[in-house]
Amino acid sequence: MDAQELKSKTPDQLKDQLVALKKEAFNLRFQQATGQLENTARMRTVRRDVARVKTILNQKAADAAASN
């Protein structure tokens, strides 16, 4: 997922995506703890995707506050 794709989404869609990514990160942590995690790089990509979504949400909030 790239930033341009995220910028085109609404804040509600971004919040839904954030919840889904956090659930995935939670499940990946449990898989790692139990030794079932096969793709360890997925944890890194999910963590970075969460950061990307949060950044875009904060940018949209700042833009909305500046326009008012």
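Reading guide: rules and limits
- Residues numbered from 1 in each chain as written.
- Predicted model: local features only at pLDDT ≥ 70, side-chain atom pairs only at ≥ 80, totals over all residues.
- Heavy atoms only, no water.
- UniProt positions renumbered as here; feature names shortened; annotations may be inferred.
- 1 Å grid on protein atoms, 1.4 Å probe; cavity = no way out; pocket = protein on both sides within 12 Å on 5 of 7 lines; lining within 4 Å.
- Points joined across faces, edges and corners; volume = space filled by probe spheres on them.
- Helix = DSSP H or I, 4+ residues; strand = E, 2+ residues; numbered from the N terminus.
- Nonpolar A, V, L, I, M, F, W, Y, C, P; charged D, E, K, R; others polar.
- Phe/Tyr/Trp six-rings, centres within 6.5 Å; stacked < 30°, edge-to-face > 60°.
- Buried < 20%, exposed > 50% of the residue type's maximum accessible area, 1.4 Å probe, protein only.
- Expected span 1.5 Å × (residues − 1).
- Contact = heavy atoms within 4.5 Å.

- The chain appears in an unreviewed UniProt entry as Large ribosomal subunit protein uL29 from Paracoccus rhizosphaerae.
- Reading the Sequence similarities (unreviewed entry) entry of the UniProt record for the chain gives the comment "Belongs to the universal ribosomal protein uL29 family."

**Re the layout of surface pockets**
- Size it by volume and the largest pocket reaches roughly 160 Å³.
- Lining the largest pocket are Lys22, Ala25, Leu28, Arg29, Met43, Val46, Arg47 and Val50.
- Every element with two or more residues in the lining of the largest pocket is listed here: α2 (11–33) and α3 (41–67).
- Among the residues forming the lining of the largest pocket, the class breakdown is five nonpolar, no polar and three charged.

**Things to note about the packing of aromatic side chains**
- Per the counting criterion, the structure on display carries one aromatic pair.
- Summarising the aromatic geometry, the rings of Phe26 and Phe30 are spaced 4.8 Å apart at their centres and angled 55 degrees between planes, so their arrangement reads as tilted. Note that Phe26 and Phe30 are positioned in helix α2 at a spacing of four residues, about one turn of the helix.
- A residue is classified by how much of its surface remains accessible, and Phe26, at 43% relative accessible area, is partly exposed.
- When its relative accessible area of 49% is taken as the criterion, Phe30 is described as partly exposed.

**Observations concerning α3**
- The first and last C-alpha atoms of α3 sit 39 Å apart over 27 residues, in line with the 39 Å expected at 1.5 Å per residue.
- Of the residues making up α3, those classed as buried are Val46, Asp49, Val50, Val53, Ile56 and Leu57.
- Looking at the packing, one finds that the buried side of α3 touches α1 (3–7) and α2.

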